There are 2 protein chains.
Amino acid sequence: MYGIIYAYERLKGEEFVEEIKGKNPTFVCVIATSETAKIPGISAAGKNPEFTDYTPPADVELLFYGRCKCIEGLPVTPEGIPTPALITMTALKLANIPTFVVSGGLKVKPKAPFIELGGKPGGDIRTGRAVEGVNEVFERAKILGKNLAKTSDYLVVGESIPGGTTTCLGVLTAMGYDAKGKISSSMPTNPHELKWKVVEEGLKNAGIYFGSLKNKPFKAIATLGDPMMAAFSGLILGAAEARKVLMAGGTQMAAILAIVKALKPEILKNLAIGTTKWIIEDKASDLKGLINQIAKIPILAANLNFGRSRYKGLMAYEYGVVKEGVGAGGVSIASILKLKGKLTWEMLKVNIEKNYRQLLEEAH
Amino acid sequence: MYGIIYAYERLKGEEFVEEIKGKNPTFVCVIATSETAKIPGISAAGKNPEFTDYTPPADVELLFYGRCKCIEGLPVTPEGIPTPALITMTALKLANIPTFVVSGGLKVKPKAPFIELGGKPGGDIRTGRAVEGVNEVFERAKILGKNLAKTSDYLVVGESIPGGTTTCLGVLTAMGYDAKGKISSSMPTNPHELKWKVVEEGLKNAGIYFGSLKNKPFKAIATLGDPMMAAFSGLILGAAEARKVLMAGGTQMAAILAIVKALKPEILKNLAIGTTKWIIEDKASDLKGLINQIAKIPILAANLNFGRSRYKGLMAYEYGVVKEGVGAGGVSIASILKLKGKLTWEMLKVNIEKNYRQLLEEAH
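The rules behind each value
Residues numbered from 1 in each chain as written. Chains lettered and ligands numbered in written order. Predicted model: local features only at pLDDT ≥ 70, side-chain atom pairs only at ≥ 80, totals over all residues. Heavy atoms only, no water. Phe/Tyr/Trp six-rings, centres within 6.5 Å; stacked < 30°, edge-to-face > 60°. Buried < 20%, exposed > 50% of the residue type's maximum accessible area, 1.4 Å probe, protein only. Helix = DSSP H or I, 4+ residues; strand = E, 2+ residues; numbered from the N terminus. Lys NZ or Arg CZ within 6 Å of the ring centre and 35° of its normal. Contact = heavy atoms within 4.5 Å. Buried area = accessible area lost by both parts, 1.4 Å probe. Salt bridge = Lys/Arg side-chain N within 4 Å of Asp/Glu carboxyl O. Polar contact = N/O pair within 3.5 Å; in protein donor to acceptor, adjacent residues only side chain to side chain. Lys, Arg positive; Asp, Glu negative; His and termini not counted. Least-squares fit on C-alpha atoms with pLDDT ≥ 70 in both. Patch = residues over 30% accessible without salt bridge, like charges linked within 9 Å, V, L, I, M, F, W, Y side chains within 5 Å. Areas by Shrake-Rupley, 256 points an atom, 1.4 Å probe, with all protein chains shown as cover. Charge placed at Lys NZ, Arg CZ, Asp CG, Glu CD. Axes fitted to C-alpha atoms, helices over the stretch in contact; angles between N-to-C directions. Parallel < 35°, antiparallel > 145°, perpendicular 65-115°, else oblique. Left-handed = near helix turned anticlockwise from the far one by under 90°. pLDDT = per-residue confidence, 0-100. 1 Å grid on protein atoms, 1.4 Å probe; cavity = no way out; pocket = protein on both sides within 12 Å on 5 of 7 lines; lining within 4 Å. Points joined across faces, edges and corners; volume = space filled by probe spheres on them. Nonpolar A, V, L, I, M, F, W, Y, C, P; charged D, E, K, R; others polar. Expected span 1.5 Å × (residues − 1).

J.: What am I meant to see in the packing of aromatic side chains here?
T.: The geometry of two aromatic rings is summed up by the distance between their centres and the angle between their planes. Applying the stated criterion across every chain yields a total of 13 aromatic pairs over all chains. Consider the rings of A:Phe51 and A:Tyr54, whose centres lie 6.0 Å apart with planes at 40°: the pair is tilted. The buried category is assigned to A:Phe51, whose relative accessible area is 17%. Note on B:Trp278 and B:Phe306: the rings are 5.4 Å apart at their centroids and 25° apart in plane angle, and the pair reads as stacked. Residue B:Trp278 is found in helix H10 (residues 277–280), and its partner B:Phe306 is found in the loop between strand E8 (299–302) and helix H12 (312–315); the two are separated by 28 residues along the sequence. Put simply, the rings of A:Trp278, A:Phe306 and A:Tyr317 touch in pairs and so form one group of aromatic residues. The lysine or arginine in question, A:Lys69, covers the ring of A:Tyr65, its NZ or CZ lying 4.2 Å from the ring centre.

J.: I keep staring at the interface of chain B and chain A and nothing clicks. Help me out?
T.: It is common to give the size of an interface as the accessible area that goes away when the parts come together. Listed by partner, the interface residues are 25 residues for chain B and 25 residues for chain A. Approximately 2,000 Å² of surface area, both sides summed, lies buried where chain B meets chain A, with 66% of it carried by carbon and sulfur atoms. At the boundary of chain B with chain A, the tally comes to 0 salt bridges. Our enumeration of links across chain B and chain A arrives at 6 residue pairs in polar contact (both at pLDDT 80 or more).

J.: Would you explain the environment of A:Val350 in this entry?
T.: Positionally, A:Val350 belongs in helix H14 (residues 345–363). Separated by 260 residues in sequence, A:Val350 and A:Thr90 have C-alpha atoms that sit 9.9 Å apart.

J.: Would you mind going over the side chain of A:Lys323 with me for this structure?
T.: Residue and element names in this part refer to chain A. Residue position: Lys323 is located in the loop between helix H12 (312–315) and helix H13 (328–338). Here Lys323 occupies a buried position and makes no salt bridge, while the nearest side chain of opposite charge, Asp282, is found at 4.3 Å. A polar side-chain atom of Lys323 sits 3.4 Å from the main-chain carbonyl oxygen of Met187. With residues up to four places along the chain from it excluded, the contact list for Lys323 reads Ser184, Ser185, Met187, Thr276, Trp278, Ile279, Asp282 and Tyr317.

J.: Got a minute to help me understand the pattern of salt bridges in this structure?
T.: Any two side chains of opposite charge can pair, so long as their charged atoms come close to each other. Considering all chains together, one arrives at 32 salt bridges over all chains under this definition. The salt bridge involving A:Glu241 is made with A:Lys264; its shortest N-O contact spans 2.7 Å. In this pair, A:Glu241 sits in the loop between helix H8 (227–239) and strand E6 (244–248) while A:Lys264 sits in the loop between helix H9 (252–263) and strand E7 (271–276), placing the two residues 23 residues apart along the sequence. Note that B:Lys12 and B:Glu9 form a salt bridge whose closest N and O atoms lie 4.0 Å from each other.

J.: What is the right way to read the relation of the copies chain B and chain A from this model?
T.: The pair of chain copies shares a relation made of a rotation about an axis and a shift along it. Taken as rigid bodies, chain B and chain A are interconverted by a rotation of 180° and an axial shift of 0.0 Å, the fit giving an RMSD of 0.0 Å. Both copies of the chain, as the preceding transformation shows, are related through a two-fold rotation axis. The rotation axis passes nearest to the C-alpha of B:Ile115 in chain B, at a distance of 2.1 Å. Comparing contact sets, 100% of the residues at the interface of chain B also lie at the interface in chain A, consistent with an isologous, same-surface contact.

J.: Mind showing me how you'd approach a positive patch on the surface here?
T.: Taken together, the side chains of A:Lys93, A:Arg310, A:Lys354 and A:Arg357 define a basic patch exposed on the protein surface. Using a relative accessible area of 65% as the deciding quantity, one classes A:Arg310 as exposed.

J.: Any chance you could explain the environment of A:Ala301 here in plain terms?
T.: Residues and elements named next belong to chain A. Along the polypeptide, Ala301 turns up in strand E8 (residues 299–302). Ala301 sits 272 residues away from Cys29 along the chain, and the two C-alpha atoms are 18 Å apart. Discounting residues that sit within four places of it in the chain, Ala301 has contacts with Ile4, Ile5, Thr275, Thr276, Lys277, Ile280 and Ile333.

J.: Would you mind showing me how to read the packing of helix H4 (residues 134–150) of chain A against H8(A) here?
T.: In a pair of packed helices, the angle between the axes and the distance between the axes together describe the arrangement. All names here are of chain A. The contact between H4 and H8 brings their axes to 6 Å, and the two run at 40°. What the angle tells us is that H4 and H8 run oblique. The element H4 and its partner H8 pack so that their crossing is right-handed. Here Val134, Val137, Phe138, Ala141, Lys142, Leu144, Gly145, Lys146, Leu148 and Ala149 of H4 lie close against H8, whose contacting residues are Ala230, Ala231, Ser233, Gly234, Leu235, Leu237, Gly238 and Ala239.

J.: Can you walk me through the confidence of the model for chain A in this structure?
T.: A low pLDDT score tells you not to read the predicted coordinates there in detail. When pLDDT is averaged along chain A, the result is 96; 100% of the residues meet or exceed 70. This complex was scored by the predictor with a pTM of 0.97 and an ipTM of 0.97.

J.: Would you explain the layout of surface pockets in this entry?
T.: The gaps of empty space that remain are located by a probe, the size of a water molecule, rolled over the atoms. In this structure, the largest pocket spans a volume of roughly 700 Å³. Looking at the largest pocket, it is lined by 30 residues, and the ones nearest its centre are A:Lys146, A:Lys150, B:Leu63, B:Phe64 and B:Lys93. Those elements that place two or more of their residues in the lining of the largest pocket are H4 of chain A together with helix H2 (55–65), helix H3 (85–94) and helix H14 (345–363) of chain B. When residues in the lining of the largest pocket are grouped by element, the largest group, 7 residues, is from H4(A). Looking at the lining of the largest pocket residue by residue, the class counts come to 12 nonpolar, 9 polar and 9 charged. Taken as a whole, the second largest pocket spans an internal volume of roughly 430 Å³. Lining the second largest pocket we find 20 residues, and of these A:Leu63, A:Phe64, A:Tyr65, A:Gly66 and A:Lys93 sit closest to its centre. Elements that contribute at least two residues to the lining of the second largest pocket include exactly helix H2 (55–65), helix H3 (85–94) and H14 of chain A together with helix H4 (134–150) of chain B. Here the element with the most residues in the lining of the second largest pocket is H4(B); it accounts for 6 residues.

J.: Even after reading the chapter, I still don't get H8(A), so can you show me in this structure?
T.: For an α-helix, 3.6 residues make a turn, and residues three or four places apart therefore share a direction. Taking 1.5 Å of rise per residue, 13 residues should cover 18 Å, and H8(A) covers 19 Å from first to last C-alpha, within 8% of that figure. Of all 13 residues that make up H8(A), 13 are buried, and the element is covered over most of its length.

J.: I would appreciate a short explanation of the side chain of A:Glu61 in the present structure.
T.: All names here are of chain A. If you trace the backbone, Glu61 turns up in helix H2. Although Glu61 lies buried, it forms no salt bridge, and the closest oppositely charged side chain, Lys111, sits 6.4 Å away as judged by the N-O distance. A polar side-chain atom of Glu61 sits 2.5 Å from the main-chain amide nitrogen of Lys69. Those residues in contact with Glu61, other than ones at most four positions away along the chain, are Gly66, Arg67, Cys68, Lys69, Cys70, Pro110, Lys111 and Ala112.

Next comes the structure, spelled out in structure tokens:
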């Protein structure tokens, strides 16, 4: 419907779409930072490793103000490719979707309203001590999810956390899922070996092994995860009893799904993943292969195509840079469904280009 | 309708009620703390002055969890009279009203989800330097208000800030309204003289005088106000263009109304005040006389009566202790309107008593 790509569990996906079509979603963006992101070569979400502390707050400032406040210009990769928050911001605006930001744990706070859950920034998972206070952040997120569910037809939940695919690999491995070589990367060349080495070191230092935390999702987050996960999964637990939740992200959603399944499998029926075509078509990762191991929930993908874009920064998405983040895929889908096709993928693309041009002009 | 008391501008009040009846509100509780509250004799919102830092976070914990976390038991006055959050909590639960907490600036953070706007706790207004960063907190609150308005039929906004009537007197005086002797108090005997002395000292130290900040509401907050005001008025500015807002509080709402009027008088038509019978009947303050000077918006009052309560802590409300706070009056009205009279004042009272008994039993 409306050109949405059904990438996995097509029938369930069509039912999900049928149910949320024309409804009013709320977008919730969970942001966090960690020391894991600063391991050289791990993350492209920032000009350089130290910059990753600024990427999530800058992303959500862009959503609210149409420009960043805690940094000049936009968050970009080392090659200058812009943040997917540009896509999210455009889609939110076109479809007038209400937006809330949740902090899982941040080093730099956004200069914008955000919901505090008492979480701290994440550590370096090589130490085997990744996240403090998982349980408390989770419980507060659950309360928040319950309240947000009361005010919306459904929720779209996205994330921005640099280094998030490496912690995803860590949690999935600890919980006994085969994720090696299957997680995505914001870089054009996925550093699978480096990520695996980081996870192996974390496992060793935490004294755990493949599958040993199968039924201990909080311990998996605490040892090898990141602060986004506690908040994101808590939001789902709070909201998905009463409402559908579109999990807006790439392979990181597999870790969230594994956590949710371990805590409350009966709500899985209310979940779908909303991602981008760039994730689905990526040869260096395997979202479907991950989800297939956990729970057969539908994967929907946004049909955005920057192949003929006049802007190199956007065209780079077609070559596998960035791919997803800040809920870009899921929010694009939600915007098109809210407007029941009155907004097309082409129109969305044109507006993203327009916003990108404006931001480039302002920067000069 | 449904026994709601129309205390001022009856016709407009009836129209307002007609429009929100049966609709789905969201409750937003703005909390903050200040050094003004610690001036001996100013506030009864806490066992003792130092305790006032804990009252707002404890109030909102009660709303979310049905019990406080940062303190044992309930926030009480020095005489042991319980917080009006008990009323609010009961009404929110009965009518299943979604709730969000906003910090204007806090010394002690609640152990619950809350929305951070970057504000700091307030100073002592005797110095003439009461609130830092008014403009920034206001702008962030405005964004938040816009987003909350998109998710609800209307908003009910309440507050919890000890010492709030004294800062209200300060702001109204600086803005040229005759508020002396007209503001309320949580104490049975209203310390008007003390409050006036505090305000006079603040005026003097700030180098301002009666009415000199008539059109400078941000400066009035910064010199003689409190951090709740910047957040509360920003929320209204963001929300009330698109939605009705029920300002849930007592005489402090006069300061908010004065600020909103100075900033955007065209949205006054979407505002009403929702308070308690105890405020309306109070001989030591004059809410109507304050509102009448500012803008002719309706005042609705909750018809709660604890006169025959078995609990002395509740019966004390009939003798003019506490009177209002944490949106108790407005949320009670909203709960009865949401359920279109299926919930009566008597049922609400019985449930408040039940919750109070449970909390007393847990404490023993």
